[in-house]
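Results of the structural survey
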Amino acid sequence: MPPSTARLTGRRQSGSTAVKIVVTGPLAAGKTTLIRTISEITVLSTEHNLTDETRSVKAQTTVGMDFGRITIDRELVLFLFGTSGQDRFDFMGEILGEGMLGYVLLVDGTQEETVSAAVPVLAAFRRMASVPFVVAVNRAGHLDPAAEAWLRETLDLAPEVPVIPCDATERSSVKAVLLALLYAVAGTLEPAEAPA
Amino acid sequence: MRLDGTLDAFSLPDILHLLTYTKKTGALHLRRESPAGHGVVFVTDGAVTGGSAEVSRQGLARRLVAVGDVGEEALAAAVRRVAAEPGLGVTRALLDAAAVDPDVVEALAVEHATDAVFELMRWADGEYSFFVDEANPEDVGASRPLDDIVAEGRGRLGAWAPLAEVIPSSQTVLTVALNLTGEPVLTRDEWALLALVDGRRTVRDLVSLTGRGDYPVVCALAGMVGRGLLEVTGDDDGVRALERRQGMLAALEIAPTVAEIPVPGLHRHFAALGSAGANRPAGPVGPTVPARAEPLRIWRTLAFAENPQPPARPRPWLAASSAPAPAADPDADNAAGRDAQPATAPPRRSLIERDPALNRSLLLRLIAGVQGM
């Protein structure tokens, strides 16, 4: 991908606008579940290990991506893309991240190691994108202050980055995560950007 | 020795077979005027060691980059070296620098040469010239018997016609299908393509972005079209048909004004944007997570309450926050995710930045839409 900036909003040929939110995080954080919970449609991709000699070099690891869609209105569609969680997310992340509104970093609240595993994921996205993000802690009913402080310290989060406990299997909880991200995006708008 | 002629008199497979039988080493250049093109096939002792359907492009390096096995710094160093050393290829430079896996490169080189020969075999006319002992700048040690490549090219030519019926031209545009009949299963290559399909990019764009040849890309796209994952855009593709039909219903509906939709919590964020936020009903500040009767699992680090000091931060990828930010990690920045850079830090342009078209109206619609789900 050339080092050029990508545009957020995609004007589809039919005239509707599509925006994209990326859900990323370490393996088994619950990204697929989160997207399935909220999406009108869900496409789950799981790679087969190919036996073809030529392809085997490139397909030694299972790589997948989740894709979801939320129709906002007749002219606006929100796409959700979930990264694979594999080590080699960088490449796919760049593809997925092109034109994203913001992203959700998902970690598992019952598995501390997923927070450490999220560090390189977040670092890659920070390098790649200058867009807002939120951190969602899956399988966490609530976060006590010490746990949140540890998470913020580990992920090197600025105070304004929302950290939200969530249940990826619960629709209202996932909605809250998406709304938190949209609010975070709203918070980056300058007054001059507001329409009259 | 120089061997040259025109393709209408002597086809590419014929030329390649001649080179095979005579165990030649060198470069076979093919040129045509309409559409303009210049391809090359490198042979060593009758075996193909490389090739490109368009020599003006860094075809093999693009393919390598698209696979995701090249770091940015290593690539930049290789590009600088190639610019200073004519006759050296980017992939070769990356290999010399041990920046890429030789096995991966070798496999890609064979794949790239096979694709190149196939694409050159599709040329109906043109001229060829063989230059003995011309070195392959991207010689990475890969080779494949020429007979194998020609045989595969012939097989692809036979398969091309039905593929072309599905994907009519390089200008064809595809979209992701709205409705699926079952759970799709895709290969990584297919997924990489699917992620690039956006209803605007042409097949040619996809070929360029992936660094792969026409055949594997068209083959994968046609396969996904056949399985109902992708649709060739047109008046009857799924998205347009859905929009057209929903448009019929919309004529009976009264579209609410977005600004009139109550958005609890939004006023905090839009307070500085104008007076519209004043119309918002009073409510909780910011997003809230719905209360649950029974909390889910509690964060396992509740024990921290007894020891409120956070543990040592594992930061193998992040620089210490006490270090000067630009020097510590100049690339690690985020609009909402990092402290502000010092005033002296030069503004940095991320690969992906927010679109200036993003505005409050769009966000209001998104927020209202998500809340209304």
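Rules and cut-offs
- Residues numbered from 1 in each chain as written.
- Chains lettered and ligands numbered in written order.
- Predicted model: local features only at pLDDT ≥ 70, side-chain atom pairs only at ≥ 80, totals over all residues.
- Heavy atoms only, no water.
- Helix = DSSP H or I, 4+ residues; strand = E, 2+ residues; numbered from the N terminus.
- Buried < 20%, exposed > 50% of the residue type's maximum accessible area, 1.4 Å probe, protein only.
- Contact = heavy atoms within 4.5 Å.
- Areas by Shrake-Rupley, 256 points an atom, 1.4 Å probe, with all protein chains shown as cover.
- Phe/Tyr/Trp six-rings, centres within 6.5 Å; stacked < 30°, edge-to-face > 60°.
- 1 Å grid on protein atoms, 1.4 Å probe; cavity = no way out; pocket = protein on both sides within 12 Å on 5 of 7 lines; lining within 4 Å.
- Points joined across faces, edges and corners; volume = space filled by probe spheres on them.
- Nonpolar A, V, L, I, M, F, W, Y, C, P; charged D, E, K, R; others polar.
- Core = buried A, V, L, I, M, F, W, Y, C linked by side-chain atoms within 4.5 Å.
- Salt bridge = Lys/Arg side-chain N within 4 Å of Asp/Glu carboxyl O.
- Axes fitted to C-alpha atoms, helices over the stretch in contact; angles between N-to-C directions.
- Parallel < 35°, antiparallel > 145°, perpendicular 65-115°, else oblique.
- Left-handed = near helix turned anticlockwise from the far one by under 90°.
- Polar contact = N/O pair within 3.5 Å; in protein donor to acceptor, adjacent residues only side chain to side chain.

This part is about the overall build of chain B. Of the regular secondary structure elements, chain B holds 13 helices and nine strands. Taking all 373 residues of chain B together, the buried fraction comes to 43%. Of all intrachain contacts in chain B linking residues separated by at least 6 positions in sequence, the fraction that spans at least 24 positions is 67%. Per element, the accessible surface of chain B, about 18700 Å² overall, is 54% carbon and sulfur.

So, on to the packing of aromatic side chains. Evaluation of the coordinates by the stated rule reveals six aromatic pairs over all chains. Ring pairs connect the aromatic residues Tyr103, Phe125 and Phe133 of chain A, which therefore count as one cluster.

Let us look at the layout of surface pockets. All names here are of chain B. Size it by volume and the second largest pocket reaches roughly 910 Å³. The wall of the second largest pocket is formed by 32 residues, among which Ala53, Glu119, Arg204, Val207 and Asp214 lie closest to the centre. Taken together, the elements giving at least two residues each to the lining of the second largest pocket come down to α2 (59-67), α5 (102-121), α6 (146-166), α8 (203-210) and α9 (214-226). Across the lining of the second largest pocket, the residue classes tally to 12 nonpolar, nine polar and 11 charged.

This brings us to the nonpolar core. The biggest cluster of nonpolar side chains holds 54 residues, and the ones touching the most others in it are Val135, Leu151, Leu155 and Leu157 of chain A together with Leu221 of chain B. Leaving out residues up to four positions away in the same chain, Val135 of chain A has contacts with Leu105, Leu151, Leu155, Leu157, Val161, Pro162, Val163 and Ile164 of chain A. The next biggest cluster of nonpolar side chains, apart from the first, holds 38 residues, and it includes Ile35, Val177, Ala186 and Leu189 of chain A.

For the rest of this paragraph, the subject is the pattern of salt bridges. All names here are of chain B. Inspection of the entire model under this criterion finds 17 salt bridges over all chains. Note that Arg92 is salt-bridged to Asp96, the shortest N-O span being 2.8 Å. Of the two residues, Arg92 and Asp96 both sit in helix α4 (residues 90-96), four residues apart, roughly one turn of that helix. Look at Arg92 and you get partly exposed, because its relative accessible area is 25%. Of the residues examined, Asp96 reaches a relative accessible area of 40% and is grouped as partly exposed.

This part takes up the environment of Val115 of chain A. Along the polypeptide, Val115 of chain A turns up in helix α4 (residues 113-128). The sequence separation of Val115 of chain A and Val137 of chain A amounts to 22 residues, and the corresponding C-alpha distance is 9.3 Å.

Residue and element names in this part refer to chain B. Viewed as axis vectors pointing N to C, α6 and α9 meet at an angle of 50°, and their least axial separation amounts to 10 Å. Classified by the angle between their axes, α6 and α9 sit oblique to one another. Here α6 and α9 pass one another in a crossing that is left-handed. Here α6 contributes Arg156, Ala159, Trp160, Leu163 and Val166 to the contact with α9, which in turn contributes Asp214, Tyr215, Pro216, Val218, Cys219, Ala222 and Val225. Here the residues of the contact of α6 with α9 sort into 10 nonpolar, no polar and two charged.

Residues and elements named next belong to chain B. Its place among the elements puts Glu190 in helix α7 (residues 188-194). For Glu190, a relative accessible area of 11% corresponds to the buried category. Of note is the side chain of Glu190, whose polar atom sits 3.0 Å from the backbone nitrogen of Thr187. A polar atom in the side chain of Glu190 sits 3.1 Å from the side chain of Arg227. When near neighbours in sequence (up to four residues on either side) are disregarded, Glu190 contacts Val185, Ala220, Met224 and Arg227.

This part covers the packing of helix α1 (residues 12-21) of chain B against α6 of chain B. All names here are of chain B. Interhelical geometry of α1 versus α6 gives an angle of 165° and a closest axis separation of 10 Å. Put simply, α1 runs roughly antiparallel to α6. Here α1 and α6 pass one another in a crossing that is left-handed. Each of Pro13, Leu16, His17 and Thr20 in α1 lies in contact with α6, whose residues at this interface are Leu146, Asp147, Val150 and Arg154.

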